[in-house]
Amino acid sequence: MISRGATWPLDFFSGVISLEDFPVLEMKNITKAFPGVVANEDVSIELRKGEVLALLGENGAGKTTLMNILFGIYHADKGEVSVNGKKTAITSPNNALKHGIGMVQQHFTLVPSFTVAENVVLGLKETGFVIKTKTVESKIKKLGDAYGLPVHPRARVWTLSVGERQRIEILKLLYTGANILILDEPTAVLTPQESEVLFKALRKLVSEGSSVIFISHKLDEVMEISDRITVLRNGKVVGTISKTETDRRGLVKLMVGRDLLVDTVKPEAQIGRPVLTVEDLSVKNDKGLLAVNNLSLEVRAGEILGIAGVAGNGQRELAESIYGLRKSLSGSVRLDGKLMRSGNVTSRIRSGLTYIPQDRKTIATCPNLSVMNNIFMKNSITRLVKSSSFNLDNKAMSARTEEMIKSFSISTPSSRTAVRYLSGGNLQKVVLARELAMNPKAIIAEHPTRGLDIGAMEFVYRSLLEQKSKGTAILLLAGELYEIFRLCDRVAVIFEGQIMGYTPPDPAFIEEIGLMMAGSMQEDSVHENQG
Amino acid sequence: MKIRVEKRLEIPKYAGILVPVISVFAALLIMGVILLIFFIGRHGTLAAAFGKTVEAYQEMLSWPFTNRYGLASTFMRMVPLAFVALGLSFAYKMKIWNIGGEGQLYMGAMASTWGAIFLFKDITSPFLMILLLSICGAIAGALWALIPALMKAYAKTDEIVVTLMLNYVAIFWVDYLVYGPWKDPRGYGFPGTAPFPEQAKLPTFFDGEFHLGIFTAITLALILFYVYKKTSWGFNSRIVGDNASAARYSGISVRNYTIIALVVSGAIAGLGGATQMMGVQHRLQHGFSPGYGYTAIIVAWLGKLNPLAIVLVSFLFGGLLVGNDQLQMFYKLPMALISVFQGLVLFCLLGGEALFKYRLRIDREELLDNE
Amino acid sequence: MNDLPSFIISTLQATVRAGTPLLFAVLGTILTERSGVMNLGLEGIMLIGAIGGFVASYNTSSLLAAVLVAMLGGAILGLVHAFFTVTLKINQIVSGLAITMLGAGISGLWGRDYIGVIAKRFTPVRLPFLSELPYAGQIFFSHDFLVYVSYLVVPAMWFVIYKTKFGMTLRAVGESPDAADARGINVFAIRYVYTVIGASVTAIGGAYLSLAYNSMWIENMTAGRGWIAIALVLFATWDPLKALLGAYLFGGITALGLRLQAIGTHISPDFLKMLPYLLTIVVLFFTSTDNLKRKVGAPASLGTPYSREDRT
């Protein structure tokens, strides 16, 4: 019933040739450049039948670009792709699907207002003029049950959780008979438990003859799920190795080119009085549902409080309402004891609160304005450069911008360049330069290293630790558990808008943290509200 | 050798001036072709049509700029265009699409007429009178723009259709007044109000060919230029225009900026209406504006929202409007022709800017292979 | 006319007539906007439809040719708009404005020699049996051919949009072009197709004005209907059935204004003329406050050009 594509020659010869060594996919000498950057340079990879190949590398190493080429979204400048030994030109995602190649991307391509079934059959040729909903729905249900990815075919996508949506993405591919699956950072949005479900499904798929390319930058996952690993660095392949022949340290060496897994020593914590106090805060999200539910927390001077949790459990709404971008239903936010009026950003900036949001492009920067304009974006309030409203001191601002470009090592052609041309890391540096220059009393940092390469990540971490030593209170809404252990003094776990419990920043507590992230309340009262 | 189309990182500076200039020429060319077709329909042969087209162009382009009376007309037309375009650009800088320039112009004219003929009719000092009437015009334009401003700020209503609808309402309102309660009793049924008193007329220069309005417009342009470059309004409004979320994040009140942008935009257009009444029309009449409010949109875009460039472009378009009048008189071409031209200019502008986003790249592949 | 019932009936009948050009315009634009393209050039497209249809009718005496020419004119303008907004990815608002100016200008130029001229027009056709029904017969079934066409287009469009594969493709492209692209749907082609189709349907509305409603050519005869249609698309929340409601609502206001003028009320004719435009503003206001409350979905990609390489 489910077509498997052109694999019958392989099945026929399976007794003769060792299946595991047959390359079902090859990408040879792929080069792809964008204006100003070479994303892939002479990259060659090979995927064997029935294996999970991990594509490992830092952010910006070229993994996603390479897979986008395979999936037909980009066209390579040079090089070729072979499927089952035959040279193939993949011109579009549709074309890729015809060859049995499917991709589950980081940002899902689902139509939120459609049902699961509608999303699965969207664009398929077999669908007649009038859509036969019942047949489609039963077929989807069978597929889902077969691989441990249960779904309700009639549910509308916008009501589903991220984990459920990912399942639909995978089912979409299986429905059309894809047997080469590419997954781009799939666990970024899953709890540890949901990741296990995914891995089980992948193992089942692979045992039945599918092949999987697993893109990740997380070493533990890669060691767990993959058979072989290809490491990319700066757009080039630095090595392909079998899992059994390496370990985490070895992979890091390949990824970064140097031995990085040095445990940084955290500076002695000089923790002072509470700076940021949140009491019984309740906030609604854009859909009108309660995202933050009677939440209380406290961050002291010189302390970094880390909040761990799966994305979508109220972190965004919490950050926004503490900063004043979102009105709260009830509860209070105090800075240095002073009560902040709900929804008022200006007074908070004046009182020394800054916010480094997760998506620097949507609210923290103006893409078409220059570096200088972005650095002085808040100047009417922060008055970094003394300037009258009716006679702006453009010269002083320009000079100060140059200073900051130097001290933060921002790589940009000039202070007049529009920031949309800056790389993610440099853009984040612009944001940091602006926010840290005002010597904030408290910082809300929301996944500040998202999409950054290791160099930029280190820079962010150093900056935060530096601020901490100056006595700033930092609320870190972490994107990676790694950040929690590296930077924080205390760890809190958020689930559905509530704090489930607190733990010390020790990797030994990872299981407990995982359980809390999935919704179990903390049982051991010893750990409650430490500090 | 492969030729590729590649996206540019930055639009080169020379494109900023080159594209508008080329757009105007391209539009003139295309309109020439359209006219040619039109004339063929009228005169039958290609040769006759071609001759007529060339003649028409000569008339259209030379009279307004070389002939003394033509030039005076050009300057006269330039003033309301400049006012409205300056006003519109104030809003456009924040990506607020005020299409209501025509209506705001009419309201300014209406209010200044009310002041001149009714409210302030006993004031003798011309200086005071002109000042008061200007203020009336500006306030009327501002209030007319306040309606869409409040709707946008509080209900997120899109301003495009609202400002446009208000154009029609304003024009009908003026019609009502001009055919009804304000009709000049001594006007022999002519649809207009009584004439303005002498002190409500703007002083003129050079034998009555320039009026004060042109200097007010230029002064306004200089003020706006300074505001955009050297005040915190200019700085912050750029942020609001580029990314409203970032503006909110920076503590800038997007709501306030939105309202102010529209209101000031309307006020300047209204001031233009008052100036037109005081400087040229001297009475309120049906249809006194040949679409200045709409032409001003093109002027603002061609001038790339730069106040000084806008003044220059207003001059150019003032001339084109005068030229269009000539064509209407001598060649029986409809006023609609200027609409065609405006549409063409806009498309050429857009197309030109789009083309500059890309460039050709020639790949010398064979050379590399041989190394 | 002291007879209230016949006043009401004749007003309702006029409502249908006045609402029909709006209905065509709104239906056409629903198709365009559902693919994610905003076309503000309706005013220009309707005018081209009006003059194109009129000229064709005058020169061929064939109403079929007239409607086809009108549709062709609309399609050409739609194609231009699609080229600029989909391929060149230009700001959709400015392109729409330019189309309006171009359409208004070209129609004025072309129509110069057709002012005051008479051409073949649509005349009312009383449907057998249906037009005999009390009240409804006169109000709905005693109109010209194009009105009946509009009656059929509404349910047909509803069916296609919600129940067929084409409709699903259309909705996907508008709601989530990324998802559609990933499924092999050619987003650019779909946007082109529906912008062109939408524009040609809109042009029929313009042709209705010159061939049935006013039965002549007057410069700028659409008098802002194109803009009202844009507001109505919002009001109808991109649904053909609601479009019918909205179009007749405005038709009603216009018809009422004209009837009141005819029977001679104290209300100034200029004020009556203002009514449709004021109503549009009111409708827009309430639609946007409603949208704020209910988070009603515009096609999510409306107004944003699609670029495959811009996907993160």
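Residues numbered from 1 in each chain as written. Chains lettered and ligands numbered in written order. Predicted model: local features only at pLDDT ≥ 70, side-chain atom pairs only at ≥ 80, totals over all residues.

## Some thoughts on the overall build of chain A
Part 1: Looking only at helices and strands, chain A has 19 helices and 20 strands in total.
Part 2: In terms of its C-alpha atoms, chain A occupies a principal-axis envelope of roughly 75 × 50 × 50 Å.
Part 3: Classification of the 531 residues of chain A by burial places 48% in the buried group. (Helix = DSSP H or I, 4+ residues; strand = E, 2+ residues; numbered from the N terminus. Buried ≥ 20, exposed ≤ 12 C-beta atoms within 10 Å, placed from the backbone.)

## Structural notes on the overall build of chain B
Part 1: Scanning chain B from N- to C-terminus turns up 14 helices and four strands.
Part 2: For 371 residues, the compact-globule estimate of 2.2 N^0.38 gives 21 Å, and the C-alpha radius of gyration of chain B, at 23 Å, lies within 12% of that figure.
Part 3: Counting only C-alpha atoms, chain B reaches 90 × 65 × 35 Å along its principal axes.
Part 4: For chain B, with 371 residues in total, the buried portion stands at 52%.
Part 5: In chain B, the proportion of contacts linking residues at least 24 apart, taken out of those at least 6 apart, comes to 79%. (Rg over C-alpha atoms; globule rule 2.2 N^0.38 Å. Contact = placed C-beta atoms within 7 Å.)

## Considerations on the sheet that holds strand S18 (residues 473–477) of chain A
Residue and element names in this part refer to chain A.
Part 1: If you walk across this open sheet you meet the six strands as S16-S17-S18-S13-S19-S20, and the pairing is mixed. Where the open sheet ends on each side, the last strands, each with one partner, are strand S16 (353–356) and strand S20 (498–503). In this sheet, neighbouring strand axes are inclined to one another by 20° on average, regardless of whether the strands run parallel or antiparallel.
Part 2: Summarising the sheet, strand S19 (residues 490–495) and S20 pair through five bridges and their orientation is antiparallel. Across the sheet, the residue bridging to Ala492 is Tyr502, located in S20.
Part 3: In the packing of helix H19 (residues 510–517) onto the sheet, the strands contacted are strand S13 (304–308), S19 and S20, and the crossing angle to S19 comes to about 30°. (Pairing = 2+ DSSP bridges. Axes fitted to C-alpha atoms, helices over the stretch in contact; angles between N-to-C directions.)

## A short note on the interface of chain B and chain C
Part 1: Taken together, the contacts link 31 residues of chain B with 36 residues of chain C.
Part 2: Taken together, the elements giving at least two residues each to the side of chain B that touches chain C come down to helix H5 (126–155), helix H6 (159–179) and helix H13 (336–355) of chain B.
Part 3: Residues belonging to the side of chain B that touches chain C are distributed by class as follows: 23 nonpolar, six polar and two charged. (Nonpolar A, V, L, I, M, F, W, Y, C, P; charged D, E, K, R; others polar.)

## As for the packing of H5 of chain B against helix H10 (residues 254–281) of chain B
Part 1: Axis separation between H5 of chain B and H10 of chain B bottoms out at 6 Å; the angle between their running directions is 145°. Once H5 of chain B is placed against H10 of chain B, the crossing between them reads as right-handed. (Left-handed = near helix turned anticlockwise from the far one by under 90°.)

## Regarding the domain arrangement of chain A
Residue and element names in this part refer to chain A.
Part 1: Splitting chain A by domain gives domain 1 (8–256) and domain 2 (274–366 + 440–523).
Part 2: The gap between the C-alpha centroids of domain 1 and domain 2 is 33 Å.
Part 3: For the side of domain 1 that touches domain 2, the residue count by class is five nonpolar, four polar and one charged. (Domains from an automatic or database assignment.)

## Comments concerning the confidence of the model for chain A
Part 1: On average, residues of chain A score 84 in pLDDT, and 91% of them are at 70 or above.
Part 2: Confidence drops under pLDDT 50 across residues 1–8 of chain A; counting only partners more than four residues distant or on other chains, this segment forms 11 contacts. (pLDDT = per-residue confidence, 0-100.)

## With respect to helix H6 (residues 145–163) of chain C
Residue and element names in this part refer to chain C.
Part 1: Taking 1.5 Å of rise per residue, 19 residues should cover 27 Å, and H6 covers 27 Å from first to last C-alpha, within 8% of that figure.
Part 2: All of the buried residues in H6 are Leu146, Val147, Ser150 and Met157.
Part 3: At its buried positions, H6 is contacted by helix H1 (4–34), helix H9 (187–213) and helix H11 (240–263). (Expected span 1.5 Å × (residues − 1).)

## Some thoughts on the interface of chain A and chain B
Often, the extent of an interface is quoted as the loss of accessible area upon association of its parts.
Part 1: Across the boundary between the two partners, chain A contributes 24 residues, which contact 18 residues of chain B.
Part 2: Sorting the residues of the side of chain A that touches chain B by element identifies helix H11 (345–350), helix H12 (360–364) and helix H14 (379–382) of chain A as the ones contributing at least two each.
Part 3: Tallied by class, residues from the side of chain A that touches chain B come to 14 nonpolar, nine polar and one charged.

## Description of the sheet that holds strand S15 (residues 338–339) of chain A
Pairing between sheet strands relies on hydrogen bonds along the backbone, with the strands arranged either parallel or antiparallel.
All names here are of chain A.
Part 1: Within the open sheet, the four strands sit side by side as S12-S11-S14-S15. Their pairing is antiparallel. Sheet topology places strand S12 (290–300) and S15 at the edges, where each strand pairs with a single neighbour.
Part 2: Inspection of the sheet shows strand S11 (residues 274–284) paired to S12 by seven bridges, in the antiparallel sense. Counterpart to Leu281 in the pairing with S12 is Leu295.

## Considering H13 of chain B
Part 1: Between its first and last C-alpha, H13 of chain B extends 29 Å over 20 residues, near the 28 Å set by a 1.5 Å rise per residue.
Part 2: Of all 20 residues making up H13 of chain B, 15 are buried, and the element is well covered by its neighbours.

## Overview of the nonpolar core
Part 1: Among the nonpolar cores identified, the biggest contains 369 residues, and Leu476 of chain A together with Val26 and Leu232 of chain C are the most heavily contacted of them.
Part 2: Counting residues per element, this core draws most heavily on H9 of chain C, at 15 residues.
Part 3: In this structure, Val26 of chain C is in contact with Ala229, Leu232, Val233, Ala236, Ala243, Gly246 and Ala247 of chain C, ignoring residues within four places of it in sequence. (Core = buried A, V, L, I, M, F, W, Y, C linked by C-beta atoms within 7 Å.)

## A closer look at the environment of Leu369 of chain A
Residue and element names in this part refer to chain A.
Part 1: Of note, Leu369 is situated in the loop between H12 and helix H13 (371–375).
Part 2: Looking at Leu369, the number of C-beta atoms within 10 Å reads 22, which means it is buried.
Part 3: Here the alpha-carbon distance between Leu369 and Pro23, two residues 346 residues apart in the chain, equals 48 Å.

## Observations regarding the pairing of S16 of chain A
Residue and element names in this part refer to chain A.
Part 1: Neither face of S16 is left uncovered, since the one carrying Leu353 and Tyr355 and the one carrying Thr354 and Ile356 both have all their residues buried.
Part 2: Relative to strand S17 (residues 442–446), S16 runs parallel, the two being bridged by four bridges. The partner of Thr354 across the bridge, within S17, is Ile443.

## Digging into the confidence of the model for chain B
All names here are of chain B.
Part 1: On average, residues of chain B score 88 in pLDDT, and 92% of them are at 70 or above.
Part 2: Mean pLDDT in chain B bottoms out at helix H14 (residues 365–370), which sits at 39, and peaks at H10, which reaches 96.
Part 3: Reported for the predicted complex are a pTM of 0.83 and an ipTM of 0.85.

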